[in-house]
2 protein chains.
Amino acid sequence: MKSDIQPTLLLDEQLCFALYAASRRMTAIYRPLLEALGLTYPQYLVMMVLWERDGLTVRELGERLQLDSGTLTPLLKRLEQAGLLGRRRRQSDEREVEITLTDTGHNLRTRAAEVPRCLAERLCLSADAFEHLRHELKSLAAQLAAPTDE
Amino acid sequence: MKSDIQPTLLLDEQLCFALYAASRRMTAIYRPLLEALGLTYPQYLVMMVLWERDGLTVRELGERLQLDSGTLTPLLKRLEQAGLLGRRRRQSDEREVEITLTDTGHNLRTRAAEVPRCLAERLCLSADAFEHLRHELKSLAAQLAAPTDE
DNA sequence: AAAATATATATTGTGCACAATTAAATTTGA
DNA sequence: TCAAATTTAATTGTGCACAATATATATTTT
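What you see is a predicted model; the values in this text were computed from it and never measured. (Residues numbered from 1 in each chain as written. Chains lettered and ligands numbered in written order. Predicted model: local features only at pLDDT ≥ 70, side-chain atom pairs only at ≥ 80, totals over all residues. Heavy atoms only, no water.)

## With respect to the protein's contact with DNA strand C
This is how it is decided: When we say a residue is near a molecule or strand, we mean one of its heavy atoms is within 4 Å of it. Counting of polar contacts relies on pairs of N or O atoms within 3.5 Å, with two restrictions inside protein: one atom must be capable of donating a hydrogen and the other of accepting it, and residues adjacent in sequence are counted only when both atoms are side-chain atoms. The secondary structure listing takes helices from DSSP runs of H or I that are at least 4 residues long and strands from runs of E that are at least 2 residues long, numbered from the N terminus.
Inspection of the region around DNA strand C gives 27 residues, with B:Tyr20, B:Arg24, B:Thr73, B:Lys77 and B:Arg87 positioned closest. Counting only atoms of DNA strand C within 4 Å of the protein, the fraction found in sugar and phosphate groups is 79%. At 2.5 Å from a phosphate oxygen of DNA strand C is found a side-chain nitrogen or oxygen belonging to B:Tyr20. B:Arg87 has a polar side-chain atom sitting 2.6 Å from a phosphate oxygen of DNA strand C. Secondary-structure elements contributing two or more residues to the surface near DNA strand C are helix 2 (41–52) and helix 4 (69–81) of chain A together with helix 1 (15–35), helix 3 (58–65), helix 4 (69–81) and strand 1 (85–89) of chain B.

## Quick word on the packing of helix 2 of chain A against helix 3 (residues 58–65) of chain A
Working note: a packed helix pair is described by the angle between its axes plus the distance between those axes. Residues and elements named next belong to chain A. What counts is decided by this rule: Between the N-to-C directions of two axes lies an angle of 0 to 180 degrees, each axis being a line fitted to C-alpha atoms and, for a helix, fitted only over the stretch in contact. Should an angle fall under 35 degrees it is taken as roughly parallel, and over 145 as roughly antiparallel, whereas 65 to 115 is taken as roughly perpendicular and any remaining angle as oblique. For any helix crossing, the convention is left-handed if the near helix is rotated counterclockwise from the far helix by under a right angle, and right-handed if that rotation is clockwise. Working rule for contacts: check all heavy atoms of both residues, and any pair within 4.5 Å makes them a contact. Residue type decides the class: Asp, Glu, Lys and Arg count as charged, Ala, Val, Leu, Ile, Met, Phe, Trp, Tyr, Cys and Pro as nonpolar, and the leftover types, Gly among them, as polar.
Contact geometry for helix 2 and helix 3: axes closest at 11 Å, N-to-C directions at 110°. Here helix 3 runs roughly perpendicular to helix 2, going by the angle between their axes. Seen along the crossing, helix 2 lies across helix 3 with a hand that is right-handed. Between helix 2, through Leu45, Val46, Val49, Leu50 and Glu52, and helix 3, the contact on the second element is made entirely by Leu61, Arg64 and Leu65. Taken together, the residues of the contact of helix 2 with helix 3 break down into 6 nonpolar, no polar and 2 charged.

## Describing the relation of the copies chain B and chain A
The line we're drawing: Alignment of copies: least-squares fit on C-alpha atoms of residues with pLDDT of at least 70 in both copies.
Between chain B and chain A, which share one sequence, the superposing operator has a rotation angle of 180° and an axial displacement of 0.0 Å; the RMSD is 0.0 Å. Considering both components of the superposition, the chain copies are consistent with a two-fold axis.

## A short note on the environment of B:Gln6
All names here are of chain B. Our working rule: Only protein chains enter the area calculation, which uses a 1.4 Å probe; residues under 20% of their type maximum are buried, those over 50% are exposed, and those in between are partly exposed.
By the element assignment, glutamine 6 lies in the segment before helix 1. Residue class for glutamine 6 comes out exposed when judged on its relative accessible area of 61%. As a C-alpha pair, glutamine 6 and alanine 145 span 139 residues in sequence and 23 Å in three-dimensional space.

## So, unusual backbone geometry
One non-glycine residue, A:Gln66, lies in the positive phi region at around 60°. Within the secondary structure, A:Gln66 sits in the loop between helix 3 and helix 4. Backbone geometry places B:Cys124, a non-glycine residue, at a positive phi of 55°. Along the polypeptide, B:Cys124 turns up in the loop between helix 6 (114–123) and helix 7 (127–144). A relative accessible area of 61% places B:Cys124 in the exposed class.

## Considering the interface of chain B and chain A
This is how it is decided: Take the accessible area each of two parts loses on contact, using a 1.4 Å probe, and add the two losses: that sum is the buried area. Think of a salt bridge as a Lys or Arg side-chain nitrogen and an Asp or Glu carboxyl oxygen that are within 4 Å of each other.
If you look at the interface, chain B gives 63 residues, while chain A gives 63 residues. Of the roughly 6,300 Å² buried between chain B and chain A, counting both surfaces, carbon and sulfur atoms make up 69%. There are 2 salt bridges connecting chain B and chain A. Between A:Asp12 and B:Arg64 there is a salt bridge, and its shortest N-O distance comes to 3.0 Å.

## Some remarks on the packing of aromatic side chains
All names here are of chain B. Rule in force here: A pair of aromatic rings is counted whenever rings of Phe, Tyr or Trp (Trp by its six-membered ring) have centres within 6.5 Å, and the orientation is called stacked for planes under 30 degrees apart, edge-to-face for over 60 and tilted otherwise.
A full pass over the atoms with the stated rule returns 8 aromatic pairs over all chains. Pairing phenylalanine 17 with tyrosine 20 gives two aromatic rings, centres 6.1 Å apart and planes at 40°, and the pair type is tilted. Within this pair, phenylalanine 17 and its partner tyrosine 20 are both found in helix 1, separated by 3 residues, close to a single helical turn. On the basis of relative accessibility, which here comes to 12%, the residue tyrosine 20 falls in the buried class. With a centroid separation of 5.8 Å and 40° between ring planes, the pair formed by tyrosine 30 and tyrosine 44 is classed as tilted. Remark: tyrosine 44 occurs in helix 2 (residues 41–52) and tyrosine 30 occurs in helix 1; sequence separation between them is 14 residues. Note on tyrosine 30: relative accessible area 4%, which makes it buried. Taking the relative accessible area as the measure of exposure, tyrosine 44 reaches 0% and is therefore buried.

## A look at the protein's contact with DNA strand D
Around DNA strand D there are 26 residues in total, and A:Tyr20, A:Arg24, A:Ser69, A:Lys77 and A:Arg87 lie nearest to it. Backbone atoms, meaning sugar and phosphate, make up 81% of the atoms of DNA strand D lying within 4 Å of the protein. Between A:Arg59 and DNA strand D, the recorded distance is 2.8 Å, taken from a backbone N or O atom to a phosphate oxygen. The backbone of A:Val97 places a nitrogen or oxygen atom 3.3 Å from a phosphate oxygen of DNA strand D. Among the elements of the structure, helix 1 (15–35), helix 3, helix 4 and strand 1 (85–89) of chain A together with helix 2 and helix 4 of chain B are those that each provide at least two residues to the surface near DNA strand D.

If you want it as structure tokens, here you go:
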């Protein structure tokens, strides 16, 4: 016999709160590491995407991170002010703003490479447990993705 | 042979991003349901705690939700403005502010009881999968809890 | 009791998230 | 072809999170 979920209003039984609390704890662990690099956590995510593939547009960054221009535009302006990247309209389509790393931004990658190592050490999870949880979260997020009303 | 974690800077391999993305997706699912109740997601969490046990102080709410007064004070003022709760200094210790539900706040619980039911339906997870993931997240958060430097 | 210390909340300032709107460039189609 | 529709960013406004500081009250120490 398969048990059903019995929905309650008890905080400690909510998956959403476990997720919310764990996510905030996780960024709190990153904070001091990233502060040493002069980055916030969302800024670190943007830099990670650009280290993988430079020259993306704001839209492409937003698709990757699931963030809109209301979040990205000011964040990217701060990274520009910090000298880590440049923003300019594309000649081919002036609606698009292309983001390119400066040398400083590119070079920051070397120091940032320590961050995942520190985290792996801090987490004390086996690679299997790590991958298991990551996949569960990815499929949860996929399950929660807005139904693409066709 | 037990495989080790190979830390990279690739976005799709980060547990932190899976967590961050899933958490934001989750609150996005709650948003329209809670909007119907006139609540934001953090406000809903506060109300859940108070529906469980009324008359807590700001500090006690903060311990439960892991939020500080910088977050809670303005949030509680908004809930007060909305007529859902009252805030007053305790006679026994005037440093403390006790939060008490109004009748309106108490009565909102009935309508809010639908929310977890809607979510359970939306999630399409078995009770086992739900509980499994919730416990994994709780132990992750515990693992990430600030080491209480004694 | 006065001074030092600790505790609880509020305030200030920065940086996300996200909805809603605006503005400009591009594409589509009658 | 040119007006309407679409796309891309930016802007505006609200509400968290969280660090740092301030303020008021309570407790402890001398």
